[in-house]
Amino acid sequence: LKNTVTAQEKEIATELIAKYGNSSLDYFKTYFDKLIFISKNQNAFLSYRLSGNFAVVLENPVGSDPDQMKSCIIEFDKYCYDFGLRSIYYRIPEADLKTYTKIGKKYFFLGQAAIVNLEEFSLEGQNKKSLRNGLKKIADMGLQTTINEPPIKDGLLQKLNAVSDQWLDETGRKEILFSQGIFLWEELKNQTIITVENNEGKILAFLNIIPDYAKNESTYDLIRKTDDAPNGIIDFILVALFNHLKSKNITYVDLGLAPMSGIENPQTVQEKSMKYAYEKVKSFSHYKGLRNFKDKFSPSWHNQYIIFTDDYDLIQIPRILSKVIKP
């Protein structure tokens, strides 16, 4: 059983993403925390992490067409079987469920991803009143946003690192991985970063724009602020992001997953166990306010699922997930 990625595997995976990538999660499929499995004909690959005897795959395989993706899943499952592993597929979009059910897999609801259509987004109207008021307060304080294009200077990265450390410290959070990134100097150096500064030029918040392979779509990864940043600064920086992306003729922004949102009354054992995990497991606690936060921007909501093989896996899933999202 391998536990490292070779330079050749990374190269093949990177080429496949460049050719066939179609998701905001593709960027994380070659991230340092993952292992890579490439199909025999090299037309598809998937990305996963090991935890105990589980291989947790991030979303779908990247491949030239649905058949290649399906072959990749079947080959990977055989690979897992040979090594006594069980596979779980995390954050599968509803449109792709049939690829998995056709080969006998089961699924349950995980949450919903929020996608904002920038052509329709507006700050007008009664339902945006509190958002408008919040943004005006921030602007009245003289705060401004800056779009920092790569390569990002080391001096700026140092300041961002201080903001990031303070944010982790203040919120009692730990960095989490798998379907999102962590503060990596070398990655951030090559990304567009939006910052919010006060009159003295002190950075109070930042976000980084990461590659998104879905058509006409963009997304961000880290969004962090200092402990003395005013309320509403995150809304302020997101609206700056929307305006920046509009100027680049991007239509959609993926605001990410709000886990367990959309599941008010869990019916099945698995839904109940996931809801319990998200409410009780400490590393998931910051997910709880996400739905309300994202709803302010009137996104469309898209169901995502966890795919598994048999009911025995279910009991393990919350524990396994909380392990793979740790660096």
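In every chain, residue numbers begin from 1 and rise along the written sequence. Selection of residues for local features in this predicted model requires a pLDDT of at least 70, selection of side-chain atom pairs for listing and counting requires 80 or more, and totals for whole chains, interfaces and linings are taken over all residues. Each side-chain value is worked out from all heavy atoms of the structure, with water and hydrogens disregarded.

(A) Examining the layout of surface pockets more closely. Here the second largest pocket is characterised by a volume of approximately 590 Å³. Helix numbers and strand numbers start at the N terminus; a helix is a DSSP run of H or I with at least 4 residues, a strand a run of E with at least 2. For the lining of the second largest pocket, the secondary structure elements donating two or more residues are β4 (62-63), α2 (66-82), β5 (86-93), β6 (106-117), β11 (252-259) and β12 (300-308). Looking at the lining of the second largest pocket element by element, the count peaks at three residues for β12. Residue polarity is assigned by list, with Asp, Glu, Lys and Arg as charged and Ala, Val, Leu, Ile, Met, Phe, Trp, Tyr, Cys and Pro as nonpolar; anything else, Gly included, falls into the polar class. Partitioned by chemical class, the residues of the lining of the second largest pocket number twelve nonpolar, ten polar and ten charged. The method works on a 1 Å grid over the protein atoms by themselves. A cavity is a set of points holding a 1.4 Å probe that cannot get out, a pocket is an open set with protein on both sides within 12 Å along at least five of seven lines, and residues with an atom within 4 Å of a point line them. Grid points are joined across faces, edges and corners, and a volume is the space filled by probe spheres set on the points.

(B) Representation of unusual backbone geometry within the structure. Following P150, the chain continues to P151 via a peptide bond in cis, the omega torsion being 0°. Tracing the backbone shows P151 in the loop between β7 (144-148) and α5 (154-171). With phi around 60°, Q42 is a residue other than glycine that occupies positive phi space. Its place among the elements puts Q42 in the loop between β1 (35-38) and β2 (44-51). Phi is positive for N249, close to 60°, though the residue is something other than glycine. Inspection of the secondary structure puts N249 in the loop between α7 (233-247) and β11.

(C) Empty space enclosed by the protein, seen in detail. Applying the stated criterion to the full structure yields one cavity of 30 Å³ or more. Approximately 40 Å³ is the volume attributed to the largest cavity. Taken together, Y27, Y31, I182, E187, L188, Q191, N208, I210, D221 and L222 make up the lining of the largest cavity. Those elements that provide at least two residues to the lining of the largest cavity are α6 (185-188), β9 (203-210) and β10 (217-225).

Coordinates in, geometry out; function isn't part of it.
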